[in-house]
Amino acid sequence: MITVERTDFISVPVTDLERSRAFYRDTLGLPEIPGIGSWPEFQLGENVSLYLLDPTNIGQEFKGPHTSPIALRVPDVAAAKEALEAKGIEFTGDVFDTSVCHMAIFHDPDGNQIMLHRRYAPHAS
């Protein structure tokens, strides 16, 4: 057994680092972690970051985007969706209410799924 202290980062496969850097930094407004160099990394809250990786830079192929969404917790899904739509982001549908949380899904320039998410019901015990 190993001891996992936390998740340090989530790798996101991209085909154009500068285009994706601009999307995550300028369109989504995520804070870029300085000093990482040519590997853009963005802070997601307190304990995890999002790391952009062009697989061709490490001798691999881009085999497609993530098809399971990366859930970004936001204070208000509808308001965040509206703000991103004003920047030209297209969502796959309306805000979805699961009776536990609200969510809305969109894609980055390479097709990686991203979800705006907010749980409003307590966790079941």
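So, a few notes on the structure that sits alongside this text. (Residues numbered from 1 in each chain as written. Predicted model: local features only at pLDDT ≥ 70, side-chain atom pairs only at ≥ 80, totals over all residues. Heavy atoms only, no water.)

Remarks on helix α1 (residues 17-27)
Point 1. Turning to α1, its buried residues are Leu17, Ser20, Arg21, Phe23, Tyr24 and Thr27.
Point 2. Tucked inside the fold, the buried residues of α1 contact β1 (9-13), β2 (41-44), β3 (48-53), α2 (77-86), β6 (101-107) and β7 (113-119).
Point 3. By the N-cap criterion, in which a side-chain oxygen at the helix start approaches the backbone nitrogen of a residue two or three places on, α1 is capped by aspartate 16, the distance to glutamate 18 being 3.2 Å.
Point 4. One or two residues past the end of α1 sits glycine 29, with phi positive at roughly 75°. (Buried < 20%, exposed > 50% of the residue type's maximum accessible area, 1.4 Å probe, protein only. Helix = DSSP H or I, 4+ residues; strand = E, 2+ residues; numbered from the N terminus. Contact = heavy atoms within 4.5 Å. Polar contact = N/O pair within 3.5 Å; in protein donor to acceptor, adjacent residues only side chain to side chain.)

Here's the deal with the environment of proline 109
Point 1. Tracing the backbone through its elements, the reader meets proline 109 in the loop between β6 and β7.
Point 2. A sequence separation of 40 residues divides proline 109 from proline 69, and the C-alpha atoms of the two residues are 14 Å apart.
Point 3. Residues in contact with proline 109, not counting those within four places in the same chain, are Arg19 and Phe23.

What about the environment of isoleucine 114?
Point 1. Its place among the elements puts isoleucine 114 in strand β7.
Point 2. Taking the relative accessible area as the measure of exposure, isoleucine 114 reaches 2% and is therefore buried.
Point 3. With residues near it in sequence (within four places) discarded, isoleucine 114 still touches Phe23, Tyr24, Leu28, Pro69, Ile70, Leu72, Ala104, Ile105, Phe106 and Asp108.

A word on the packing of aromatic side chains
Point 1. This model, assessed by the stated rule, comprises five aromatic pairs.
Point 2. Taken together, a centroid distance of 5.0 Å and an interplanar angle of 45° make the contact between phenylalanine 9 and tyrosine 51 tilted. With phenylalanine 9 in strand β1 and tyrosine 51 in strand β3, this pair connects stretches of sequence that are 42 residues apart.
Point 3. Among the residues examined, phenylalanine 9 registers a relative accessible area of 41% and is labelled partly exposed.
Point 4. Residue tyrosine 51 is classed as buried on the basis of its relative accessible area, which comes to 18%.
Point 5. Measuring from centroid to centroid gives 5.0 Å for phenylalanine 91 and phenylalanine 106, while their planes differ by 55°, and the two rings are tilted. (Phe/Tyr/Trp six-rings, centres within 6.5 Å; stacked < 30°, edge-to-face > 60°.)

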